[in-house]
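Chain by chain, the residues:
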Amino acid sequence: MSSLSQLAPSKLWQLFEKICSIPHPSKHEQQISAWIQSWATELGLSVKEDKVGNLIIKKPATAGMESRPGVILQAHMDMVPQKNADTDHDFLTDPIKPYIVTESDGDWVTAQSTTLGADNGIGLCSALAVLASDDIAHGPLEVLVTIDEEAGMTGAFGLEAGWLDGEILINTDSEQEGEVYMGCAGGIDGQATFSLEYEPVAEGYQAFNLSISGLKGGHSGVDIHTGRANANKLLVRFLLMASEQFGICLTELNGGSLRNAIPREADASFVVPNEQVAPLKAALAEHLATIQANLSGIETDIEMLLISPETFDKQWTADTQKTILKALNACPNGVMRMSDDIEGIVESSLNLGVMRSKGNKFVAMTLIRSLHDDGRLETQTSVQSVFELAGANIEFSGAYPGWKPDTSSAVMKTVRDTYHQLFNKTPEIMVIHAGLECGLFKTAYPNWDMVSFGPTIKFPHSPDEKVNIESVEQYWQLLIAVLKNI
């Protein structure tokens, strides 16, 4: 197929193909926001923008359904900008290039060497498709499109009471067909800052740059339990060993790109004594073979590349290097605890997502998630202890609450019963280890009855992101049936 619009449901895929052509990474949603407002206005719909940039679009109920409870369809307009290191792509100007691929487990839509933006573009386009349709039965309908969900939930934090009239919210940001979510993890960002001290590079040293790449990466919530390797942690582990055994001296260290994406790539620049070059290369080959063997069930394409750049004139001092590498090596990462209440669900986790050296500062960024405030606090204090013992200044920000499950939810029952009617099976009622905006919505709208469901999206927040075509059609059937049954 040459066009996604040939897929079903055609209106949804046409809209998705359109938004792929409009740059919309987090913090840069102006173009897609303007397009949505123009599009809705042309349809004769009421559209308003609040003070933080969220959009609220209203559509009257279909004839005879005016007395039904008001429903809000909710999605976010931003996408995670991730690309392969060898890909020339500017997320601020270049379109996403989606294409269809057939695999052993079905037909999928993915993108050329970048994130696809199915998270949450499919949900967004499903809401817009409902607005554009004249043959879908529904009560009073509102569509809430938030900004900046992926990089701080600014839109959800800024949503004010009084803008929306509906009683029920359907969040479209879930990523597994057949699962319906009634709760999610909360989270908090951590940033540790070290002061960098330098000294001149001595005679008799050779300069190198070492990179690690080819890791799968992924969403730091929904993929955190899969055992996918963290490029930052793998590189730091080798550098710590190499500094102790071969006397390497760092000049720069960087890795990852987003605090909510498992790092796929990292690199370091350093100098090493001339007589240690050969032993270092032998140790690197042995180390690479070891991690390739140990992670072969999950990571199939790990590469570590050593090249010789121009000579550096300054390096980190020995104390600076030792302190930072040991702190990064000791920093917790991955699953901290599985839930005691819900089998197979992560309770608390941590992602060491970004490390950056710039000028006289080195920064490490983490994202902590937990289903419970106390679990979040426990992990937070562990991270804080590690970095404060190392002399870093650590600050936490952007805390957002989890979404506490409501077992008496009426809309949950409607979704579950409708799913069974359509597909003759009962969906899994789940809590997701990711940050949905629903918990924050409760601040301004405490009485909303909320539920979340969506199509199957694999490997969000990475260039491997893909959405299952059949699951999109199933999701669409469920969505329009639920709107009719509420």
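The structure reproduced in this document is the subject of the present report. Computed from a predicted structure; not experimentally measured.

Analysis parameters
- Residues numbered from 1 in each chain as written.
- Predicted model: local features only at pLDDT ≥ 70, side-chain atom pairs only at ≥ 80, totals over all residues.
- Heavy atoms only, no water.
- Helix = DSSP H or I, 4+ residues; strand = E, 2+ residues; numbered from the N terminus.
- Rg over C-alpha atoms; globule rule 2.2 N^0.38 Å.
- Buried < 20%, exposed > 50% of the residue type's maximum accessible area, 1.4 Å probe, protein only.
- Contact = heavy atoms within 4.5 Å.
- Areas by Shrake-Rupley, 256 points an atom, 1.4 Å probe, with all protein chains shown as cover.
- Pairing = 2+ DSSP bridges.
- Core = buried A, V, L, I, M, F, W, Y, C linked by side-chain atoms within 4.5 Å.
- Salt bridge = Lys/Arg side-chain N within 4 Å of Asp/Glu carboxyl O.
- Phe/Tyr/Trp six-rings, centres within 6.5 Å; stacked < 30°, edge-to-face > 60°.
- Axes fitted to C-alpha atoms, helices over the stretch in contact; angles between N-to-C directions.
- Parallel < 35°, antiparallel > 145°, perpendicular 65-115°, else oblique.
- Left-handed = near helix turned anticlockwise from the far one by under 90°.
- Polar contact = N/O pair within 3.5 Å; in protein donor to acceptor, adjacent residues only side chain to side chain.

**Examining the overall build of the chain**
Here is step 1: Helix and strand counts for the chain stand at 11 helices and 25 strands.
Here is step 2: A compact globule built from 486 residues should have a C-alpha radius of gyration of about 23 Å, and the chain, at 24 Å, falls within 12% of that.
Here is step 3: Seen through its C-alpha atoms, the chain measures out along the principal axes to roughly 85 × 50 × 40 Å.
Here is step 4: Here the chain holds 486 residues, and 56% of them are scored as buried.
Here is step 5: Long-range pairs, those at least 24 residues apart, make up 79% of the contacts in the chain with a sequence separation of at least 6.
Here is step 6: Of the roughly 19,800 Å² of accessible surface on the chain, a fraction of 47% belongs to carbon and sulfur atoms.

**Some points on the pairing of strand S13 (residues 249-255)**
Here is step 1: Within S13, six of the seven residues are buried, which leaves the element mostly enclosed by the surrounding structure.
Here is step 2: Bridge count between S13 and strand S15 (residues 266-273): six bridges; the pairing is antiparallel. Counterpart to Leu-253 in the pairing with S15 is Ala-268.

**Observations concerning the nonpolar core**
Here is step 1: Counting residues in each nonpolar core, the largest one holds 63 residues, and the members touching the most others are Trp-13, Phe-16, Leu-73 and Ile-170.
Here is step 2: Element by element, the count of residues in this core is highest for helix H3 (residues 118-132), at nine residues.
Here is step 3: Other than its neighbours up to four places away in sequence, Phe-16 contacts Leu-4, Leu-116, Gly-117, Ala-118, Gly-121, Ile-122 and Cys-125.
Here is step 4: Judged by nonpolar contacts, the second largest core, of 50 residues, contains Leu-196, Phe-238, Phe-246 and Phe-270.

**Regarding the pattern of salt bridges**
Here is step 1: Tallied over the full model, the rule gives 12 salt bridges.
Here is step 2: The salt bridge involving Glu-265 is made with Arg-264; its shortest N-O contact spans 3.8 Å.

**Some thoughts on the packing of aromatic side chains**
Here is step 1: Per the stated rule, a full pass over the model turns up 10 aromatic pairs.
Here is step 2: Relative to Phe-270, the ring of Phe-208 lies with its centre 6.2 Å away and its plane at 35 degrees, an arrangement referred to as tilted. In this pair, Phe-208 is assigned in strand S11 (residues 205-213) and Phe-270 in strand S15, connecting sequence segments 62 residues apart. Of the two residues examined, Phe-208 and Phe-270, each falls in the buried class.
Here is step 3: Put simply, the rings of Phe-194, Trp-316, Phe-362 and Phe-387 pair up and form one aromatic cluster.

**Details of the environment of Gln-421**
Here is step 1: Note on placement: Gln-421 falls in helix H9 (residues 410-423).
Here is step 2: Counting along the chain gives 200 residues from Gln-421 to Gly-221, while the straight-line C-alpha distance between them is 31 Å.

**Digging into the side chain of Thr-87**
Here is step 1: Checked against the element boundaries, Thr-87 lands in the loop between strand S3 (71-76) and strand S4 (98-103).
Here is step 2: When near neighbours in sequence (up to four residues on either side) are disregarded, Thr-87 contacts Ser-113 and Thr-114.

**Focus: the packing of helix H5 (residues 231-246) against helix H6 (residues 277-294)**
Here is step 1: Taken N-terminus to C-terminus, the directions of H5 and H6 make an angle of 150 degrees; their axes are 11 Å apart at the nearest point. Accordingly, the angle class assigned to the pair H5 and H6 is roughly antiparallel. Relative to H6, H5 is oriented so that their crossing is right-handed. Facing Leu-234, Arg-237, Phe-238, Met-241, Ala-242 and Phe-246 of H5, the residues of H6 in contact are Pro-279, Leu-280, Ala-283, Leu-284, His-287 and Ile-291.

**Re the sheet that holds strand S5 (residues 106-111)**
Whether parallel or antiparallel, the strands of a sheet pair through hydrogen bonds between backbone atoms.
Here is step 1: Strand order in the open sheet formed by four strands is S4-S5-S25-S24, with antiparallel pairing between adjacent strands. The strands lining the two open edges of the sheet, one partner per strand, are S4 and strand S24 (457-458).
Here is step 2: In the sheet, S5 pairs with strand S25 (residues 466-468) via three bridges, with the strands oriented antiparallel. Looking across to S25, one finds that Trp-108 is bridged to Asn-468.
Here is step 3: Against the sheet, helix H11 (residues 469-485) makes contact with S4, S5 and S25, and its axis sits at roughly 60 degrees relative to S25, the strand it touches most.

**Notes on the side chain of Asp-50**
Here is step 1: Mapped onto the elements, Asp-50 comes out in the loop between strand S1 (46-49) and strand S2 (55-59).
Here is step 2: Within the local environment of Asp-50, its side chain forms a polar contact with the backbone nitrogen of Asn-54, the two atoms lying 2.8 Å apart.
Here is step 3: Ignoring any residue separated from it by four or fewer positions in sequence, one finds Asp-50 in contact with Gly-158, Leu-159 and Trp-163.

**Some details on unusual backbone geometry**
Here is step 1: For the bond running from Ala-8 to Pro-9, omega is 0 degrees, close enough to zero to count as cis.
Here is step 2: Its location among the elements puts Pro-9 in the segment before helix H1 (10-20).
Here is step 3: Here the amide bond leading from Asp-119 into Asn-120 is cis, since omega sits at 5 degrees, within 30 degrees of zero.
Here is step 4: Within the secondary structure, Asn-120 sits in helix H3.
Here is step 5: Backbone geometry places Asn-424, a non-glycine residue, at a positive phi of 55 degrees.
Here is step 6: For Asn-424, the position within the fold is in the loop between H9 and strand S22 (428-432).
Here is step 7: Phi at Phe-459 takes a positive value of approximately 55 degrees, unusual for a residue other than glycine.
Here is step 8: Note that Phe-459 resides in the loop between S24 and S25.

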